[in-house]
Every structure is written in C-alpha cells, then in structure tokens.
Amino acid sequence: MAAGERLPPEPKLQEEFGVSRTVLREALKFVESRGMISIRQGRGAVVQPTDAWNLLDPLVLSATLETHPTPEVFEHLMDVRELLEPALTRSAASRIGEEDLRRLGELLLHMAEEVADSEQYLLHDVEFHAVINRNGDNLIARSILSSIELPLRTSRRMTNTNPGALARAQEDHQAVYDLLRAGDGDGAADAMRTHLSTSRDQLLRRWSSSAG
C-alpha cells in the first residue's frame, strides 16, 4: 500500500486474517510502534511514508527489502557495511583472542567445503563476519550491524549466486583472517573494505542483469 492509504476497516481485517478484535488491535499497535502506520480516531490506520519507518528494526527492514527490493535499498545497506565493518575489523585486530581466531579458522575450512553450496556457505559467512564485528571496539556500530544482520542475509544470498562469487569471497575472507592473526589492523581493514566493495559490485551487476 502507498503512503497515505487507509487500511481496510477493522471488521474486514478480522475477517481477512481470521483473528479476534483483540489480536488485530495488538497487531496494529505493533506495526504503529515501528512507524509504518498511524492510527487516528475517526480516520483509522493510515500508511506512513517509508521515511517514518523504523528501518533499524530487523522485521521492518526485512519487510522493506522483500516488498520493495530496489537497487538503491540494497546499495544503502552496503553503504552501512562499508562505513562500519572495516573500522570494526581494524580494532578487532588488537582485541581478538585466540579462541575467536581459532573459530574463524574453522569457519574458513567449513566455507572452503561449501563453495558449491551457496546456502550452506551463507551460514558460515554470516558467522565469520559476526565473530569479527563483536571484537570491534565500537558498541554502537556493533549494535547497528547486529540489527541489520537478517536483511544482510538477503543481499549476501543475491551476491553468492553470481558465478565465481564464492571462490572470490573465500579468497577475501582468507586475506582478512591472515591479517587479523598477524595483528595488522590497517591491513585487515583494507582487506575487509576490498571484500565489501567486491560484494557491492556483484550485487549491482546482479541487478543490472536482472533488469536487462
């Protein structure tokens, strides 16, 4: 529905979804609390512009990507990653412990075994980045990336299906790991930035080929 449109009356929504009035009203409050609709006496529920939506709520952002999957939305998502992840990777180089380095090494081995299976690779890919990010020293940056982790899976899923994408991603992950283990923060940050830039290019190429 477009911004400014009114949702159907409550009785119609109850019938459509097969729920009680109480359940419906709780659902509407839930959606309103995330800025997606406004409820006014005498006007009912009205769809709000996307600028008013709480896009840091994983459910809201995921719904946005599913219903309005535009190149711009995914590019903005990648912008956030490129701004935050290299900085977290830089600080992680001096903070990460042996246990997390061991886990990163295990994940690299698992990913190497799954380069032919993009869905399985994705699971290890997500954890690889999560281990690095949680060792970064910026609590707010970590929280933002954590809040968009679910939507990021969608963008990763799209790039991982490009021919040769997983083999290139594996090389990038290995480079980041090697530099983290060496304690080279600047090098690890640059390697992460290169990896994310490549992912962005692959994502945009995927959109271009789909449009064509």
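Residues numbered from 1 in each chain as written. Predicted model: local features only at pLDDT ≥ 70, side-chain atom pairs only at ≥ 80, totals over all residues. Heavy atoms only, no water.

(A) Region of interest: the overall build of the protein chain. Looking only at helices and strands, one finds ten helices and two strands in the protein chain. When the helices and strands of the protein chain are read in sequence order from the N terminus, they spell out α-α-β-β-α-α-α-α-α-α-α-α. Principal-axis analysis of the C-alpha atoms gives the protein chain an extent of 65 × 40 × 25 Å. Within the protein chain, the fraction of its 212 residues that count as buried is 40%. Contacts spanning at least 24 positions in sequence make up 70% of the contacts within the protein chain whose residues lie at least 6 apart. Just so you have it, the protein chain exposes about 11,500 Å², and 53% of that area is on carbon and sulfur atoms. Counting 24 positive and 33 negative side-chain charges, the protein chain places the centres of these two groups 7 Å from one another. (Helix = DSSP H or I, 4+ residues; strand = E, 2+ residues; numbered from the N terminus. Buried < 20%, exposed > 50% of the residue type's maximum accessible area, 1.4 Å probe, protein only. Contact = heavy atoms within 4.5 Å. Areas by Shrake-Rupley, 256 points an atom, 1.4 Å probe, with all protein chains shown as cover. Lys, Arg positive; Asp, Glu negative; His and termini not counted. Charge placed at Lys NZ, Arg CZ, Asp CG, Glu CD.)

(B) Inspection of the nonpolar core at higher detail. Judged by nonpolar contacts, the single largest core of 21 residues is most densely connected at Leu104, Met111, Phe128, Ile132, Val176, Tyr177 and Leu180. Of all the elements in the fold, those that place two or more residues in this core are α5 (98-113), α6 (118-134), α9 (165-181) and α10 (185-211). Other than its neighbours up to four places away in sequence, Phe128 contacts Leu104, Leu107, Leu108, Met111, His173 and Tyr177. Residues Leu77, Leu88, Ala141 and Ile148 belong to the second largest nonpolar core, which totals twelve residues. (Core = buried A, V, L, I, M, F, W, Y, C linked by side-chain atoms within 4.5 Å.)

(C) Quick peek at the pairing of strand β2 (residues 44-47). Across four bridges, the pairing between strand β1 (residues 37-40) and β2 is antiparallel. Residue pairing in the sheet places Arg40 in a bridge with Gly44 of β2. The antiparallel pairing of β1 with β2 creates a hairpin that spans three residues between the two strands, and Gly42 there sits at a positive phi of about 85°. (Pairing = 2+ DSSP bridges.)

(D) Seen up close, the UniProt feature "domain: HTH gntR-type" (unreviewed entry) in the protein chain. Those residues carrying the UniProt feature "domain: HTH gntR-type" (unreviewed entry) are residues 1-50 in this numbering. Taken end to end, residues 1-50 has its terminal C-alpha atoms 11 Å apart, with 42% of it in helix and 16% in strand. (UniProt positions renumbered as here; feature names shortened; annotations may be inferred.)

(E) A look at the packing of helix α4 (residues 71-92) against α6. Axis separation between α4 and α6 bottoms out at 8 Å; the angle between their running directions is 65°. Between α4 and α6 the crossing geometry is left-handed. Within the contact between the two elements, α4 uses Arg81, Glu85, Leu88, Thr89 and Ala92 and α6 uses His129, Ile132 and Asn133. (Axes fitted to C-alpha atoms, helices over the stretch in contact; angles between N-to-C directions. Left-handed = near helix turned anticlockwise from the far one by under 90°.)

(F) Local environment of the pattern of salt bridges. Within the structure shown, the criterion is met by 15 salt bridges. Of the charged contacts in the structure, one is a salt bridge between Arg200 and Glu75, with a shortest N-O distance of 3.0 Å. On the criterion of sequence distance, the pair formed by Arg200 in helix α10 and Glu75 in helix α4 is long-range, its members being 125 residues apart. Judged by relative accessible area, which is 29%, Glu75 ranks as partly exposed. In the salt-bridge network here, residues are joined through shared partners; they are Glu75, Asp79, Glu82 and Arg200. (Salt bridge = Lys/Arg side-chain N within 4 Å of Asp/Glu carboxyl O.)

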